[in-house]
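# Geometric and topological summary
The chain contents come next:
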Amino acid sequence: MRNTKPETRRRGTPDFQLLILTLLLVGFGVIMVFSASSSVALLNKETNFDSLYFVKRQAAFAILGLFIMLVAMNIKMEKYKKLFVPLFFITILLLVIVLFTGSLNGAKSWLRFGSVGFQPTELAKISIILYLSALIVKKGDRFRDLRSGYIPVTVIVGFVAGLIMLQPDLGSCFILVATSGLIIYAGGASIKHITASVALLVLGASIVFGIGSLFGGDSGADGQTVAKQDYKIGRFQAFLNPMDHKQGVGYNLVQSLQAIGDGGLSGSGFGKGIIKLHYLPNSFNDFIFSVIGEEFGFIGTAIFLMLYLYFIWRGMLIALRCRDPFGTLVGTGIMGLIAIQAFINIGGVTQTIPITGVTLPFISFGGSSLLVMMFSMGIMLSISRENTKQAVQERTTGVAIRNEVPNRFQARRTNRYR
C-alpha cells in the first residue's frame, strides 16, 4: 500500500496524441499564414513592406499560446469549476466595453492595446462553455425542469448572444449558440424544450431580418440611403448564384472556388498559388482554406481534413472517457466549438453554406482566436490527465469511480470507452 499511495496521488499524464495533433495544426497554420500573406505584406506600406510581418506575429502568438496551453494543462478540473465565474463576468464586461469602441469594417468587435487587438467574442466562446457546464452539473436533475432548469440556462445564452449581435457579429453569434445548444443537449435537456427553442429562434431571426430589410435604411454622408440588410441578403444571393454577382458580393466566393478548382489533384505547390496575389482579400484569414486547396490540391486537402477530423475525434473520445460530468460537458463543448467553426469556415469558402466570415481554428491568422483555442486545448489536456489519474486509481484500489450526475452522452457510453 505504501508504494501505491504516491502513484494514486500523482496527476495523470496528458494525451500525447492530442498534444502532438495540436502542435501539428498550429505549426501548419503558421506555415500557411506565411504562404498566404507574404506577397500582400511585401507590397503594403502598413506592414513596412516586410514579407514576414504577418507570420512573425502569428508565430509570436503561437509561442504565447503554447505557454498558455501548458499552464492550462496543469490546472486541475476542480479549479476550472471555480474559475468559470470570474472568467464569465470578465467576458461580459469586455463585451459591453467593446460596444463603445470605434468600428472596424462596420463592426465593433475589437479592443485595441497599442498595435495589438483582441476580440472579446473569442473569449466568450470558452467562457460560455465553462459557465454552462458548471451550471448544468450544479442543477443536476432539476435541469430537465422547464422553469427552474432550462429557461435560466437559455436566458444566459441569449444574453451573451445578444451582446455579440450588437457588434454585430453574426458568424460568432451562431457559433456560440450552436455550441451552447450542443452542451445543453449533452447535459440531458428535454428534446421538446430544445425543439421549441430552435423554432422560436428561427421565428425570431426571421422577424428581425424581415423588419430590418423594411426599416433598416441608414442615411449615408452623401445623402443616399443605404440599407444595412442588403449586404446580408446579398450574401445569400451570392451563395445561390455566385457567378451572377461575381463583380459584387459574390466576388470573394468566385475567387475562392476558382482557387480550389485550379488546385486540381496535386496542387500548384507550396508558395506557388496565384489567388493570394491580391486577387482574394483576407486570403491569410477567412479564406486560407482556399489557398490550401490551390497549393496542395485534392490530395493535400484530403490529408489535411482527415488530420482535422482525427483531431476532433480524439478530443471527443477524451471527453467521453471523463468520469466527471463537468469534464465531459466542457470537453464536448470545446471539440464541438472547433468542429462547428471549422465547418462554417470551410463550408463558406466551398459554397456549402453562405459565407459568414469566421476563421479556421488553429490555421487562420489571428491572435485572439489562436490564444483562446490553445487555452481550450490546455483544458482538454487537463481533462485527459484526470482520465489517466482516475484509471490508475481504479487499477490500484479496484473501485470504479462513478459519475455524480449522468448526462446524455455518458449514459450512452459503453465499457469500451473506459
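Up top you'll find the structure we're talking about.
This text gives an overview of the structure that appears in the document. (Residues numbered from 1 in each chain as written. Predicted model: local features only at pLDDT ≥ 70, side-chain atom pairs only at ≥ 80, totals over all residues. Heavy atoms only, no water.)

Within the chain one finds 14 helices and four strands. Relative to its 418 residues, the chain shows a buried fraction of 49%. For the chain, contacts bridging at least 24 residues in sequence account for 74% of all contacts bridging at least 6. Of the roughly 20,700 Å² that the chain leaves accessible, carbon and sulfur atoms contribute 65%. (Helix = DSSP H or I, 4+ residues; strand = E, 2+ residues; numbered from the N terminus. Buried < 20%, exposed > 50% of the residue type's maximum accessible area, 1.4 Å probe, protein only. Contact = heavy atoms within 4.5 Å. Areas by Shrake-Rupley, 256 points an atom, 1.4 Å probe, with all protein chains shown as cover.)

Counting through the fold element by element, Ser 127 comes out in helix H5 (residues 120-139). Ser 127 sits in the buried class, given a relative accessible area of 1%. Through-space distance from the C-alpha of Ser 127 to that of Ile 92 is 9.4 Å; in sequence the pair is 35 residues apart.

Bringing the environment of Leu 70 into the picture now. Looking at the element boundaries, Leu 70 is found in helix H3 (residues 53-73). Along the primary structure Leu 70 and Met 374 are separated by 304 residues, whereas in three dimensions their C-alpha atoms are 9.1 Å apart.

Further remarks concern the packing of aromatic side chains. In the structure shown here, the tally under the stated rule is 16 aromatic pairs. Geometrically, the ring pair formed by Tyr 80 and Phe 375 is tilted, given 6.5 Å between the ring centres and 55° between the ring planes. Taken together, the residues span a long stretch of sequence, with Tyr 80 in helix H4 (residues 77-97) and Phe 375 in helix H13 (residues 367-397) at a distance of 295 residues. Across the pair, exposure class does not vary: Tyr 80 and Phe 375 are buried alike. (Phe/Tyr/Trp six-rings, centres within 6.5 Å; stacked < 30°, edge-to-face > 60°.)

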